[in-house]
Amino acid sequence: MSVDVKEAKTIDAPLKKLSSLRNELKQRGWYQKKPGRILLELAYHLTLSLGGIYLFVASDSLLIRICGILVSTVGSMSVGTNTHTSSHHGTSTKKWVNDALTYFGYPIYNGLSATYWRYMHVIRHHPAPNVIGMDMDHDLTPWFCLLRPQIEKTSGLRRFYYDHLQFFVFPFALAFNGFNFQRAGLSYLFKSLRDPKKRPKTPYMIDVASMLAHYSIWVIVPMAFFPVTSVLLFYALRTALLG
């Protein structure tokens, strides 16, 4: 397929600017990995998360408990954001450090399969961000539809829902998003373990161990100190807020 010279120049110009920007960022040292700083930030986020949980558990004041769980939610999300860098091997030059932090931040701390995260986000999302049919992060159908051309292809009750109701339902759906991520992650993980084409199996086995550690830390062990119902309700509340 031939490409017009003018069209080629139009495509080439932005690429040259992007390459120039990358070189400038590299010269300023912004591509340099700084594990010490990232680990210090991770410690701060963990302090927020666990400190908020302490306030929620220890206080009898409803206001303080609400503030505590909200602070904890922000801290837990920040743990995920921090280790998101690790999942892209951006924390350290050592692969095992990045992998260890990814397993800690995703399955162990927040209950999301690390191998599923790599597949869904690193492999599928970043090569084609927001591309329909390729980016799983972008496709919310059939529950929600954000693109007008897609909405216009629908009719009847579905069209009415997309046009008038979905924006009111969306905030409530976010509360179930965390549970759905966990379900999808576990489904992907166990399918991968059974799939002979998925080799090596070591990352998936580590992922299983990390998920077991998650449920042990957040559900089983607390049941030794608190009523079962209270532990399950707290876990459900935390997962819903993390969304």
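The rules behind each value
- Residues numbered from 1 in each chain as written.
- Predicted model: local features only at pLDDT ≥ 70, side-chain atom pairs only at ≥ 80, totals over all residues.
- Heavy atoms only, no water.
- pLDDT = per-residue confidence, 0-100.
- Contact = heavy atoms within 4.5 Å.
- 1 Å grid on protein atoms, 1.4 Å probe; cavity = no way out; pocket = protein on both sides within 12 Å on 5 of 7 lines; lining within 4 Å.
- Points joined across faces, edges and corners; volume = space filled by probe spheres on them.
- Helix = DSSP H or I, 4+ residues; strand = E, 2+ residues; numbered from the N terminus.
- Nonpolar A, V, L, I, M, F, W, Y, C, P; charged D, E, K, R; others polar.
- Patch = residues over 30% accessible without salt bridge, like charges linked within 9 Å, V, L, I, M, F, W, Y side chains within 5 Å.
- Areas by Shrake-Rupley, 256 points an atom, 1.4 Å probe, with all protein chains shown as cover.
- Salt bridge = Lys/Arg side-chain N within 4 Å of Asp/Glu carboxyl O.
- Buried < 20%, exposed > 50% of the residue type's maximum accessible area, 1.4 Å probe, protein only.

**Observations regarding the confidence of the model for the chain**
Should pLDDT be low for a region, the predicted coordinates there are not to be read in detail.
Here comes step 1: Averaged over every residue, the pLDDT of the chain is 85; the share at 70 or more is 87%.
Here comes step 2: Note that residues 1-9 has pLDDT below 50 and, in this model, 1 contact with residues that lie over four places away or in other chains.

**Some remarks on the layout of surface pockets**
Here comes step 1: Of the pockets and cavities examined, the second largest pocket occupies roughly 430 Å³.
Here comes step 2: Lining the second largest pocket are 17 residues, and of these Y106, N110, L112, L242 and G243 sit closest to its centre.
Here comes step 3: Counting residues per element, the lining of the second largest pocket draws most heavily on helix α3 (residues 62-87), which supplies 5 residues.
Here comes step 4: Broken down by class, the residue content of the lining of the second largest pocket amounts to 6 nonpolar, 11 polar and no charged.

**Here we look at unusual backbone geometry**
Here comes step 1: The phi angle at H89 is positive, at roughly 55°, despite the residue not being glycine.
Here comes step 2: By the secondary structure assignment, H89 is in the loop between α3 and α4 (95-110).

**Some thoughts on a nonpolar patch on the surface**
Here comes step 1: On the surface, L62, I66, L70, L237 and L241 cluster together to form a nonpolar patch covering roughly 430 Å² of accessible area.
Here comes step 2: Elements with a contribution of two residues or more to the nonpolar patch: α3 and α9 (228-242).
Here comes step 3: At 3 residues, α3 tops the list of elements feeding residues into the nonpolar patch.
Here comes step 4: Structurally, L62 is set in helix α3.
Here comes step 5: On the basis of relative accessible area, L62 is assigned to the exposed category, the value being 62%.

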